[in-house]
Every structure is written in C-alpha cells, then in structure tokens.
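Structural overview
The lines below spell out each chain.
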Amino acid sequence: MNLLTDPWIPIQEKGLFEKITLQQLHCGEKTGEICLPRDDMELACLQLLCAITQVLFTPKNKRELGHYVKQPLAQDDYQTAIQGKLDWFDLDHPETPFMQFRGVKAKEATPMDKLMAGLSGGENKVFVNEMGLADNLCSGCVAIALFNSANNCPNVGGGNLGGFKAGLRGSTPITLLIQGRNLRETIWLNVLTEETLNRVMPWYDETKDMPPNYIKPVKAREKISVSEIGLARGLLWQPARYELFSSNKLDVCSCCGLKETVYDGFKKEQFGYTIEGVWPHPLSSRTFSIKKKKEEFPSFTTTAPTWTHMSRLLIDRQSDKEGQQAAPIIQQARTFIASAKLQIIIGGYRNNQATILERRHELFSLAQGWHEHGEVIQQIIHYGLEYKKALRKALYLFAVGIKDKVHGSGVNLCDPVEANYYQQTEGLLHTRFASVHFEQPDKDLTQLKQQLKTVVKKLFDLATEPYQQEPKMIKALAMARRSLHKSLKDLEPQGEPHDKN
Ligand SMILES: [Zn+2]
C-alpha cells in the first residue's frame, strides 16, 4: 500500500464512509471529514496528512500558500510532486517500508494492540478504549497507528515495552493544528512556508533534501544534533525499530471495520541513540528555562482542562528566567490569518510513564484580533484560575480551620469541588475566547468575572450545604464564607460594580 497513490484516507460525507486517495483529496475530487472510531486516531490521521503534504509541497511564501488553500491542485502538479517520493511512503516496500526497518530481529511478533496507544497495559484501558480494538489492522489504519506511536505516544503502546525511545517531542506532547473550513483547507493551513521554516529552523535549507531515518538510518549509539535533522526527516522520524508483520489474511480491520488484507502484529527491537537539542516541530509550542538551560514541549500533566494551557500554547513570552514560544504553525498564522477568527485543534495524551490515563482532542475558537492581544488571552485564563483559587482557599479553610482559634471541619472538599468548577466553567471560557472583543475587552472580562463568581458561590453553597446544621462546623463554615467573600471582592477592582448578596 502506498500512501501517495492508494485509497487509505478514511472519510465520511453525508453519512457515507469511504477510503480515498491523497490525490482525490488534494485535487478536490472527493470531500468529507476524517472518520475513525477513535478521536486520537483521527487526529493522528490529520497530522500524517499534514506531514505528507508538507514534505511534498513546501510553499515558498504566504502568497503561494494562499493559492494552495484556495485552489485544489491540478492532477499533473500532484503527479509531479510525488515523483521521487513514492519509495518513502510504501508500507510494504521490500527495503525501506514506511516508518519501519527490514530485518528487525525478534523471536516473535508483538500483537497489534501494542501499537495502539493505551490499548494494553494500565488499569484504565477499558475507560480509555473499547476492548478488542486492535487485533488486526488494515494498511491505512496501521500506517496511522505507526505514525501516531512515533509522534504522540509514550514509548509505544504502554505496558512492558520499556526501553524503547519516544519521538522527537518526548513522550506525550500537546499537538496544535489550525482548523479550516474543510479537510483540504485544514491540511494546507498546517503547512509551513519556506519563509517560516527559514526562521524557525535555521538549518532548513541545507537539510531539506535529507530522507527520513527509515530510509537513511542513524547508527546505533550515534549522537545526533537536532540541526542535522531536516524537515522531512523530523516530521517522519521513527524513534523505534519496528517491522510490521502480516499473515496476508483477509479480515475485518479492528479499527475502521473494513474488510481488507490485515496486519496482525509487528516485530520490535531495542535501538539506542541520543538526540541533542530540541527539534522545532511545526505543530508544537515550546517552553524553556533559561537558568536550567532546559527546553521542552508542553504536555497535559494534570486533570486541569485544556484552556488552562492556552497561554503557553499560543503566546510568545520571555523573561530572564524562562520563556515560551508558540508552535511555528501559530507563529505563521499570526501573519497569514490575522484578519479572521482562529479555530485551533488541541490534542494529546496524558500519561503516567508508559500508561495513558486520558486523551484529548478539542476545538477552540479565538475571536478576531487574537494575534495581537495575547495579554487578553492571559487575562481570561488568569480569571478562570483565580476564581478557582478563591473557591479552593475557602474550602481548605473549612477543612483545616485556623490553629488554636477555629476548629476545622475535617471535611476536605477541595478536589471534588475543583473538578466541578472546571466542568461548570468550561463552556464559559470557550465562549469568552471565541467572542471577546480583543481591542476593547473590559466589558467582556467584567461579564466573565460575574459569571465565574456566580458559579463559585453556587458551588460553595452546594458543597457546604450538608454541614450547615452541624454545630461543630458552624464556625469553620462562617470563616470559610468570609474568606470566599474577601477573595471575590479582591478580584474586583475598586469602583467596579458588584452585586450585594
Ligand atoms: Zn482499518
């Protein structure tokens, strides 16, 4: 199966599911949205489509990119672009199969479910995935799974596969993608121009013709500087030595459900090397500590919702101690789609070492003006977090009291109420990002604060209601309430109207 010529892209339009070729998609012959039973596989499919498109067509500048966004490709142009690249994308190539290596030494094949993130190992597997989702995978789904494990997962599939390297972005990076009006447009909006690349990857020009590492492998124990990794090589980097295995039987694919020749396992082999530095991935923001000289890709490490991460994903900032830089694709969008609202897809896994605890795939809208007013985005997040803090503080006081003065209730409601707060305010935050008047945000921010305040008061009352009649807790409760009122008042600058109840 060749990703450049065969139908492997799972799409749905008007209820009809089918697999189409990349040429059909790019030439506008077929339309539809990516459709697979798992949202992480859908996201990985989109990432793979963007990576292939970036490798085949890197527009010179904004004008050329704009042309690609607007106009489907001519068939001849597509055919010209894939010449010379067909060997890179052939899943069954006799010498250089897509994202695999020939001659992997393993006594037995590993079952296919280990290639699907989070499916095996770990206690949450039933929660995260349906059972039996990956006994057999068709060629399209297995290509997506290979790409996903190489780019987005902690050392592959979890369980007992320790010792295998994670991808260039570390084990569970957050991925950002810009969403367009349809799939074809979405793909192009996530392709970087040479202009952008020369800025974010100073070694772009001299390394751009480097083939992927499964075509031209690194040596065992080699030390590789990121400046030796070209664009295509980095986008298609395979960190582990894998080789797919198929007994050539016709069966139902456990992911997409179509009946095809399936792959039923893969061989794996440990392989060590060292990457020095951090490769500037187009779809990832980066944070760095200047003091510790450490640079990394943000990931979801707690249950805090995705909006709490928006600042470090979208805004560039630098102090003398630390800094953050938005994903190159966002940096490019600031000049490319500045006059419109921005829709971004944010996705990634949350893990505990090799075990996936949670996966996210969310869509955010940002109102027009987003590119110039990072401070407003920060303010929205700030208030979202400050109102939560006020609530937690009050509930904490209710639990522990004040030493030698007020006896605490001993009932700690902080965590469950925080989870509730995040749930109840999620929609408010989304709406605010999508509708805020970035030029003149005061009215919107005041309204947001009022809304958050209402939620906080309601949640506090609800949580403490069962204890209101407990004589031993009355003092602690009164003190907690006073603390809450004070914190809420402090969040409103002098002269700002606030309700009296
Ligand atoms: Zn499939």
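A brief structural summary.

1. Looking at the packing of aromatic side chains
- For the structure on display, the rule yields 13 aromatic pairs.
- Both rings, one in phenylalanine 57 and one in tryptophan 188, keep their centres 5.6 Å apart while their planes meet at 65°; by these two values the pair is edge-to-face. Pair noted here: phenylalanine 57 is in the loop between helix H2 (39-56) and helix H3 (62-70) and tryptophan 188 is in helix H7 (residues 183-189), with a separation of 131 residues, a long-range link.
- For phenylalanine 57, a relative accessible area of 6% translates into the label buried.
- With a centroid separation of 6.4 Å and an interplanar angle of 40°, the aromatic rings of tryptophan 88 and phenylalanine 89 are classed as tilted. Assigned by exposure class, tryptophan 88 and phenylalanine 89 land together as buried.
- Among the aromatic residues, those joined into a cluster by ring pairs are Trp88, Phe89, Phe98 and Tyr214.
- The cationic tip of arginine 241 hangs over the ring face of phenylalanine 271; the distance from NZ or CZ to the ring centre is 5.8 Å.
- Here the basic side chain of arginine 360 rests over the ring of phenylalanine 300, its NZ or CZ set 4.3 Å away from the ring centre.

2. A few points about the sheet that holds strand S8 (residues 241-245)
- Strands sit in the order S4-S11-S8 across an open sheet of 3 strands; the sheet is antiparallel. With one partner strand each, in any of the chains shown, strand S4 (110-111) and S8 form the two edges of the open sheet.
- Relative to strand S11 (residues 265-269), S4 runs antiparallel, the two sharing 2 bridges. What sits directly across from proline 111, in S11, is glycine 265.

3. Concerning the packing of helix H13 (residues 374-400) against helix H14 (residues 414-435)
- The N-to-C vectors of H13 and H14 enclose an angle of 160°; their axes lie 10 Å apart at closest approach. Relative to H14, the element H13 lies roughly antiparallel. The handedness of the crossing between H13 and H14 comes out as right-handed. Between H13 and H14, the contacting residues are Ile377, Ile380, Ile381, Tyr383, Gly384, Leu385, Tyr387, Lys388, Leu391, Arg392, Leu395 and Tyr396 on the first element and Cys414, Asp415, Val417, Glu418, Tyr421, Tyr422, Leu429, Arg432 and Phe433 on the second.
- Among the residues making up the contact of H13 with H14, the classes are represented as 15 nonpolar, 1 polar and 5 charged.

4. Side note on the sheet that holds strand S18 (residues 355-366)
- Here we have 3 strands laid out as an open sheet, ordered S6-S17-S18, and antiparallel in their pairing. Edge strands, defined here as strands with exactly one partner in the open sheet, are strand S6 (175-178) and S18. Looking at each pair of strands side by side, their axes are set apart by 15° on average, direction ignored.
- For strand S17 (residues 342-352) and S18, the ladder comprises 11 bridges, and the chain directions are antiparallel. Within S18, the position partnered with asparagine 352 by the bridge is threonine 355.

5. Comments concerning helix H12 (residues 328-336)
- Across the 9 residues of H12, 7 count as buried, placing the element largely inside the fold.
- Looking at H12, one finds that the buried residues are Pro328, Ile329, Ile330, Gln331, Gln332, Ala333 and Arg334.

6. Quick notes on the nonpolar core
- Judged by nonpolar contacts, the single largest core of 150 residues is most densely connected at Trp8, Leu49, Phe98, Met310, Leu314, Ile330 and Phe433.
- The residues touching phenylalanine 98, leaving out its near neighbours within four places in the chain, are Leu3, Leu48, Trp88, Phe89, Asp90, Leu91, Ala143, Leu146, Tyr214 and Leu236.

7. Focus: the coordination of the zinc ion
- Protein coordination of the zinc ion is provided by Cys138 (SG), Cys141 (SG), Cys253 (SG) and Cys256 (SG), with donor distances spanning 2.3 Å.
- Here the zinc ion binds 4 donor atoms, and the angle range of 104 to 112° at the metal identifies the geometry as tetrahedral.
- Along the chain, the residues that donate to the zinc ion are spaced as C-x2-C-x111-C-x2-C. Taken together, the residues span a long stretch of sequence, with cysteine 138 in strand S5 (residues 137-138) and cysteine 256 in the loop between strand S9 (250-252) and strand S10 (259-263) at a distance of 118 residues. For the pair cysteine 138 and cysteine 256, a shared accessibility class is recorded, and that class is buried.

Parameters and conventions
- Residues numbered from 1 in each chain as written.
- Predicted model: local features only at pLDDT ≥ 70, side-chain atom pairs only at ≥ 80, totals over all residues.
- Heavy atoms only, no water.
- Phe/Tyr/Trp six-rings, centres within 6.5 Å; stacked < 30°, edge-to-face > 60°.
- Helix = DSSP H or I, 4+ residues; strand = E, 2+ residues; numbered from the N terminus.
- Buried < 20%, exposed > 50% of the residue type's maximum accessible area, 1.4 Å probe, protein only.
- Lys NZ or Arg CZ within 6 Å of the ring centre and 35° of its normal.
- Pairing = 2+ DSSP bridges.
- Axes fitted to C-alpha atoms, helices over the stretch in contact; angles between N-to-C directions.
- Parallel < 35°, antiparallel > 145°, perpendicular 65-115°, else oblique.
- Left-handed = near helix turned anticlockwise from the far one by under 90°.
- Contact = heavy atoms within 4.5 Å.
- Nonpolar A, V, L, I, M, F, W, Y, C, P; charged D, E, K, R; others polar.
- Core = buried A, V, L, I, M, F, W, Y, C linked by side-chain atoms within 4.5 Å.
- Donors = N, O, S within 2.8 Å, 3.2 Å for Na, K, Ca; no water.
- Tetrahedral: all angles 85-135°; square planar, octahedral: opposite > 155°, others 65-115°.

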